[in-house]
Protein chains: 4
Amino acid sequence: MAAQETKTKAASFRLEGLTAAVFTPFHQNGDLNLDPISAYIDCLVKDGVKNAFINGTNGEGWSLTMAERKQVAEHWKKVNNGRLSALVINVGASAVRESQELAAHAQSIGIDAISCTPPTGYKAKNFVYVKLMLDTLVHFGLCFEGNSPESSRNSFLFLSSVSDQCPRDRFNGSILGRSAEEPYSYFLWMKFSSCRLYELKRCLQRPEGYQICSGHDEHLLAVVAIGNYSFIGGTVNFQAKLFTKVMEAYKRKDLEAAEKHYDQFVINCSILKKHGDGVPICKAIMKLSHMDLGPCRSPLIKLSPEEEEALMVDLQQSGFLDSVK
Amino acid sequence: MAAQETKTKAASFRLEGLTAAVFTPFHQNGDLNLDPISAYIDCLVKDGVKNAFINGTNGEGWSLTMAERKQVAEHWKKVNNGRLSALVINVGASAVRESQELAAHAQSIGIDAISCTPPTGYKAKNFVYVKLMLDTLVHFGLCFEGNSPESSRNSFLFLSSVSDQCPRDRFNGSILGRSAEEPYSYFLWMKFSSCRLYELKRCLQRPEGYQICSGHDEHLLAVVAIGNYSFIGGTVNFQAKLFTKVMEAYKRKDLEAAEKHYDQFVINCSILKKHGDGVPICKAIMKLSHMDLGPCRSPLIKLSPEEEEALMVDLQQSGFLDSVK
Amino acid sequence: MAAQETKTKAASFRLEGLTAAVFTPFHQNGDLNLDPISAYIDCLVKDGVKNAFINGTNGEGWSLTMAERKQVAEHWKKVNNGRLSALVINVGASAVRESQELAAHAQSIGIDAISCTPPTGYKAKNFVYVKLMLDTLVHFGLCFEGNSPESSRNSFLFLSSVSDQCPRDRFNGSILGRSAEEPYSYFLWMKFSSCRLYELKRCLQRPEGYQICSGHDEHLLAVVAIGNYSFIGGTVNFQAKLFTKVMEAYKRKDLEAAEKHYDQFVINCSILKKHGDGVPICKAIMKLSHMDLGPCRSPLIKLSPEEEEALMVDLQQSGFLDSVK
Amino acid sequence: MAAQETKTKAASFRLEGLTAAVFTPFHQNGDLNLDPISAYIDCLVKDGVKNAFINGTNGEGWSLTMAERKQVAEHWKKVNNGRLSALVINVGASAVRESQELAAHAQSIGIDAISCTPPTGYKAKNFVYVKLMLDTLVHFGLCFEGNSPESSRNSFLFLSSVSDQCPRDRFNGSILGRSAEEPYSYFLWMKFSSCRLYELKRCLQRPEGYQICSGHDEHLLAVVAIGNYSFIGGTVNFQAKLFTKVMEAYKRKDLEAAEKHYDQFVINCSILKKHGDGVPICKAIMKLSHMDLGPCRSPLIKLSPEEEEALMVDLQQSGFLDSVK
């Protein structure tokens, strides 16, 4: 099957609305804890989240063993029961052959789509890495609709993280630009985490281009004004309601309300940044605002009781907690 | 006079609407050519520009001798006759004593305000540089309302360029962040050229902070959605009308029109980038769309006839020319 | 066992002379090929190489599955039979738990020492990552002399890559400097791949500090003049003889000979750089000068026949081939 | 006169041995103080310094007005009386026309050679800047031997600072590499401040290339081993004697003595770095070890009495003071 054909088929799959880059629950000793996942899904659905992105950076996927990555994928699939619209599994690994193994496993358990974030080790070569991995996946006939006609939604999806936090020599503007001119045949979907919104707009101006999902939470209102309503990220886990308020106010042209909610949204982001950002702080906020998913795994370090208390004070005083419930 | 007091007085001065970072006209041999300036002002005013920022990067201020910088300032002042609301002179120089001399000169000819973009050579020390220059200016009693009661608008203004194109160790997010917490007493005004709109929003959330002017043309609609309507830049010289269309459509909540005009605006920006961006391309566009201001001065190189012709084709085919007239 | 005590014991282990960061042989289809390893060891020993560093970047360790990494380690151990003095296994992995598993395996098969190059994904947190991994290793009593009294040389070793090619926010000068002041209790050994030789000298000035091994081949003579005679790297695989000639000439104060051999050495390095550097080019040189170890594994790409031919021409004309035999 | 011809003539000029990047003396109020310059020259000559590089970064040339830069040049020329072999004036300025004016002035007063360090503002365009300035200088027939036959040594010299501290996009390895392949016709001389000694060696391997002067003091012994004995820099002002001891010991193959003196040299450099490096610390060391040249000019800040006292303690305890006298 030619790549273009594959793309056309797979392109019918869309990641719409809010996608939570979900956390992986652990026991206090760092072992996997699958039990809370079902209640976690309830929590997400109740707040308006549509999809889950599993085993990514927020899910500490890089700290899981191969066996654990499969266990986590299987459990989300097993307990979801259609509550979330789509489950996306990140199969990025430093060894291409391990990515292939994870992709085949995802296919076999009926996961909706995979993504493959490149390992950070190959720097400027990431583009090459992804191409090779995808070529190999196609060669083995994995993960494409065409190969599993009975599964109506099993499609291929690639999540490329275009981010300002990335080293300069990775997926920078010029690479993105080049992609925009000749979109890579397997790129069906792209996470846009850069604050270069001009480039986001340029992507959106190409109807035949990738599906774009914004990964820059804190620019929510600006991104919406640019014309993008699809978001993925870690804060979606706990402030999905506020995301929705901003977007809906904008859609109904109540710009005052949009700006008011976005004001709180920006304050929330500033609290996160003040306390250090990252998975440990997000997991602490989850615990304080929604549900306890346990600590982080090494090498990440969970907040100390003192740090958690200081965080709680700020969450209350800034209006954060009220705004996300 | 204490700094705080000075600030309070000077703060009554506002740079509102569109400010063109104006070009300096040259003869073909690179000598100054002051003649076109009066017609240039007509051109700007007709398109809706409110203020001019003179001898900055777009004005090739760093390539002018001290004598020329004064000549340019004097000529703009002499021929303006109130057509533009405010004339701002950049007095940044690599030698602090030369900045002081330019500031005193600006004061003496009745310029509305000065700015002092730091020389790029001191990198991380720019903040210190600016502080020292300002302390010295205050010490000598220059450029402040309080010292020239008869001149009702002569105020102090500092233009800090917060830009992503800057080396990382200059005015980056964290320095800006720190400023946002304890705004520098002389910073009355800030050019925000970063695409980190979240930080722009954080600045806007502080009513007692700096006046903010956005310098990132291509993010126009996103910046407007964030709540900022003040722009400065090089493309203001030729696409001021399109700036205005986007902003007015947004103000009257005609979001479809805002997005439509912004679509063309983004296409215009992409033409600029395609042809190399910078002063040479902007001066060529001025010539092709509005009026001829001559070549650039060394070390910048003007477009070749072939480059200019290729540019003209794109300006016509993309709708650029129609959109800016 | 206290960290300091552990260090004292393990510190008796020394990596002396030339250490080859060895390549992993593959079949044409990318599968592991263990067969050539024994002859490869002969080849290294004959050229004067003392130790092998296995499963590092040159060994494409990040592209091997867990099972393959163990297989490779076992095979080197099985066929070495004391020919090489020390076998060091890199156990770095993106998941700490996988590093722990690889460390335990290395211990169980009697490997001389391990290293743990941090995954590149955690950037500024690498230091923290390493600390946590090491703390855990100590906790589980792995890889230390004290725990296996019968194995007289099984010691702990940490290979930290201090490199200019690294992103700025990893192991940079200041972190190294801090280490130099308060050397990290588990750092027994450090690969110094930076060209900041001043810092190398500072490290050498501390007799109680780490054992230092230089990883910057092309600065050979300068490093030797600074006082360091221990080298690790990829080019050790094929130009060990030239390394030795430079070092021995310098030791006997025949500075003209040292400079003459270093001149050729530098020419050799320039050929490498001209053809792209990295594992693919090094494997091609191995094939043309010593022995065929097969292609690279995806995502790396082996040289095309044309590229290989162009390389061969340069190797012959520059005196490279003659100099390394 | 063709560029190549010019180069051939000018190439007879050589900057040999130690060149001090001299400081500019100021009064306490920041005004120029030319009086100490004659005694300063005595001091340099006594320590073995051969040449002076004037109005560079160490001379705070970028903080001097045009008039002051000329005054400084004239005074050094007037009082030198052949004590120093060559006086080099830096004419780099942000405006090309000012560089041209300074170059013509240097020619007119019989300065031995000029350099033109590019302004930092043009970043990646520096190469272009330099080319244009040089083309213009040639056009005007300035500063070349051929134009002033009576002045036997007045030659052209370009000082390009190849430095690791520079932003990545300036004069980096690849640009240098390109230069090494097709040496720029006007580059007669190059300051090599990078620690990439491999590239320095590559330059030295081209006899027809630039004259190279190392600007990385702290790598002294390594640079000497590589084959370069010409140094320029700020610490030459006060530790020229130690430079000489290292170089002479190496020349007579007394490698133990070379290493011993270099050990102290490295300790001296570490004291500099500990106290902040840069012009303020160097001027303080000059005062404590040789002679008082006054404070720095804004925006640089001289050491406080407390900082100076702490520095003095370290200079004494580390053997610094004894080693430089």
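Predicted model, so just to flag it, every value in this text is computed and none were measured. (Residues numbered from 1 in each chain as written. Chains lettered and ligands numbered in written order. Predicted model: local features only at pLDDT ≥ 70, side-chain atom pairs only at ≥ 80, totals over all residues. Heavy atoms only, no water.)

Chemist: Tell me about the overall build of chain A, and please be specific about residues and values.
Modeler: When its secondary structure is counted, chain A shows 13 helices and eight strands. Considering chain A as a whole, with its 325 residues, one finds that 64% of them fall into the buried category. Put simply, chain A shows about 12,000 Å² of open surface, and 51% of that area lies on carbon and sulfur atoms. (Helix = DSSP H or I, 4+ residues; strand = E, 2+ residues; numbered from the N terminus. Buried < 20%, exposed > 50% of the residue type's maximum accessible area, 1.4 Å probe, protein only. Areas by Shrake-Rupley, 256 points an atom, 1.4 Å probe, with all protein chains shown as cover.)

Chemist: Explain the UniProt feature "binding site: pyruvate" (unreviewed entry) in chain A to me, using residue names and the numbers behind them.
Modeler: All names here are of chain A. UniProt annotation of "binding site: pyruvate" (unreviewed entry) refers to I232 when read in the numbering used here. Checked against the element boundaries, I232 lands in strand β8 (residues 231-233). On the basis of relative accessible area, I232 is assigned to the buried category, the value being 2%. (UniProt positions renumbered as here; feature names shortened; annotations may be inferred.)

Chemist: Give me the packing of aromatic side chains: which residues, what numbers.
Modeler: Aromatic ring pairs are defined here through the distance separating the ring centres and the angle between the ring planes. Across all of its chains, the model carries 20 aromatic pairs over all chains by this definition. Each ring, one from F243(B) and one from F265(B), has its centre 4.9 Å from the other, and the planes form 85°; the classification is edge-to-face. In this pair, F243(B) sits in helix α9 (residues 236-251) while F265(B) sits in helix α10 (residues 255-274), placing the two residues 22 residues apart along the sequence. Judged by centre distance (5.5 Å) and plane angle (55°), the rings of F231(D) and F243(D) are tilted. (Phe/Tyr/Trp six-rings, centres within 6.5 Å; stacked < 30°, edge-to-face > 60°.)

Chemist: Tell me about unusual backbone geometry, and name the residues and values.
Modeler: Positive phi is not limited to glycine here, since N55(C) has a value of about 70°. Relative to the helices and strands, N55(C) is located in the loop between β2 (51-54) and α3 (66-80). By relative accessible area, which is 1% here, N55(C) ends up buried. Notably, K253(D) is not glycine yet its phi reads approximately 60°, a positive angle. With respect to the helices, strands and loops of the structure, K253(D) is situated in the loop between α9 (236-251) and α10 (255-274).

Chemist: If you had to explain the relation of the copies chain A and chain B to someone new, which residues and values would you point to?
Modeler: Least-squares fitting of chain A to chain B yields an RMSD of 0.0 Å, with the transformation described by 0.0 Å of translation along the axis and a rotation of 180°. These values place the two chain copies in the arrangement generated by a two-fold rotation axis. Considering only C-alpha atoms, the part of chain A nearest the rotation axis is A222(A), at 2.2 Å. Both copies share a contact surface, since 100% of the interface residues of chain A are interface residues in chain B too. (Least-squares fit on C-alpha atoms with pLDDT ≥ 70 in both. Contact = heavy atoms within 4.5 Å.)

Chemist: Help me get a handle on the interface of chain A and chain B, residues and values and all.
Modeler: Counting residues at the interface gives 28 residues for chain A, matched by 28 residues for chain B. Its largest share of buried area at the contact with chain B, chain A owes to Y198(A), K201(A) and K253(A), together 25% of the area lost on that side. At the boundary of chain A and chain B, one finds six salt bridges. Among the salt bridges present, the one from K201(A) reaches E259(B), with a minimum N-O distance of 3.7 Å. There are nine residue pairs in polar contact (both at pLDDT 80 or more) connecting chain A and chain B. (Buried area = accessible area lost by both parts, 1.4 Å probe. Salt bridge = Lys/Arg side-chain N within 4 Å of Asp/Glu carboxyl O. Polar contact = N/O pair within 3.5 Å; in protein donor to acceptor, adjacent residues only side chain to side chain.)

Chemist: Please provide a residue-by-residue account of helix α3 (residues 66-80) of chain A, values included.
Modeler: Along its 15 residues, α3(A) runs 22 Å from first to last C-alpha, staying within 8% of the 21 Å computed at 1.5 Å per residue. Buried residues of α3(A): M66(A), E68(A), R69(A), V72(A), A73(A), H75(A), W76(A), V79(A) and N80(A), and no others. Elements that come into contact with the buried residues of α3(A) comprise α2 (37-47), β2 (51-54), β3 (86-90) and α4 (96-108) of chain A together with α4 (96-108) of chain C. N81(A) lies just past α3(A) and shows a positive phi near 55°. (Expected span 1.5 Å × (residues − 1).)

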